[in-house]
Amino acid sequence: MQKRRLHLPHHKVSQASLLRLHHRFRALDRNKKGYLSRMDLQQIGALAVNPLGDRIIESFFPDGSQQVDFPGFVRVLAHFRPVEDEDTETQDPKKPEPLNSRRNKLHYAFQLYDLDRDGKISRHEMLQVLRLMVGVQVTEEQLENIADRTVQEADEDGDGAVSFVEFTKSLEKMDVEQKMSIRILK
């Protein structure tokens, strides 16, 4: 393995975690290209069965890129690192928040719903994501009612869509820090 320093400012990822992630990255990179494609990430079983798996895979490829290198792989997965007490206690207010902060985890989740990346979740986008999540167990009419109710409850300014601020408020009681954590990144 080539010794290269991974630069992830303000993100505490232990050497042991980096090593595990590097092994995982290399296992997914079956052709030893040094990067991963969407197809490589589709090999991850948990993503294959996750209704939002395709949306999560897309998050590895910002700006339409076709490949993700190891630092990019770690950067996306850093959102899922469990939050430790010392993460919040020692945070320097002048530095950017770590990727695994509550706000950044919520922003990541928000982007999974904001399909057109306009900064708002419309009723149509909510409906599309709900279709992915529930499949055929619910009728189209029920899905439309759920989408309408969800947007109405979160939409405080009455514009018919959910902004990031409204999304954050609607999830203020949810334990996002634990629900969006993967133990491999401890």
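This structure is a prediction, so every number in the text was calculated from the model and none was measured.

Caption draft 1: The arrangement of the UniProt feature "domain: EF-hand" (unreviewed entry) in the protein in detail. UniProt tags residues 16–51, 101–136 and 142–177 as "domain: EF-hand" (unreviewed entry). The span residues 142–177 carries 61% helix and 8% strand; its end-to-end C-alpha distance comes to 30 Å.

Caption draft 2: Structural context of the pattern of salt bridges. Applying the stated rule across the entire model yields nine salt bridges. Notably, a salt bridge pairs Lys33 with Asp29, separated by 3.5 Å at the nearest N-O pair. Judged by its relative accessible area of 29%, Lys33 is partly exposed. The residue Arg123 makes a salt bridge to Asp148 at a minimum N-O spacing of 2.3 Å. Placement of Arg123 in helix H8 (residues 123–134) and of Asp148 in helix H9 (residues 140–154) is noted, with a sequence separation of 25 residues between them. Because the salt bridges share partners, they merge into one network encompassing Asp29, Lys33 and Asp40.

Caption draft 3: Expanded view of the packing of aromatic side chains. With the rule as written, the count across this model stands at eight aromatic pairs. A ring pair is formed by Phe25 and Phe70, whose centres lie 5.5 Å apart and whose planes are at 75°; its orientation type is edge-to-face. Of this pair, Phe25 sits in helix H1 (residues 15–28) while Phe70 sits in helix H5 (residues 70–77), and the two are 45 residues apart along the sequence. With a centroid separation of 5.4 Å and 70° between ring planes, the pair formed by Phe110 and Phe167 is classed as edge-to-face. Pair noted here: Phe110 is in helix H7 (residues 102–113) and Phe167 is in helix H10 (residues 164–170), with a separation of 57 residues, a long-range link. You can call Phe167 buried: its relative accessible area is 8%. Above the plane of the ring of Tyr35 lies Lys33, whose end atom (NZ or CZ) is 5.3 Å from the centre. Taking NZ or CZ as reference, Arg38 lies 4.3 Å from the ring centre of Phe61, over its face.

Caption draft 4: Quick peek at the packing of H8 against H9. Closest axis-to-axis distance for the H8/H9 pair is 9 Å, and the angle between their directions is 130°. Regarding the angle of H8 to H9, the classification is oblique. Regarding H8 and H9, the two cross each other, and that crossing is right-handed. Here H8 contributes Arg123, Met126, Leu127, Leu130, Arg131 and Val134 to the contact with H9, which in turn contributes Glu140, Leu143, Glu144, Ile146, Ala147, Asp148, Thr150 and Val151.

Cut-off values and rules
Residues numbered from 1 in each chain as written. Predicted model: local features only at pLDDT ≥ 70, side-chain atom pairs only at ≥ 80, totals over all residues. Heavy atoms only, no water. UniProt positions renumbered as here; feature names shortened; annotations may be inferred. Helix = DSSP H or I, 4+ residues; strand = E, 2+ residues; numbered from the N terminus. Salt bridge = Lys/Arg side-chain N within 4 Å of Asp/Glu carboxyl O. Buried < 20%, exposed > 50% of the residue type's maximum accessible area, 1.4 Å probe, protein only. Phe/Tyr/Trp six-rings, centres within 6.5 Å; stacked < 30°, edge-to-face > 60°. Lys NZ or Arg CZ within 6 Å of the ring centre and 35° of its normal. Axes fitted to C-alpha atoms, helices over the stretch in contact; angles between N-to-C directions. Parallel < 35°, antiparallel > 145°, perpendicular 65-115°, else oblique. Left-handed = near helix turned anticlockwise from the far one by under 90°. Contact = heavy atoms within 4.5 Å.

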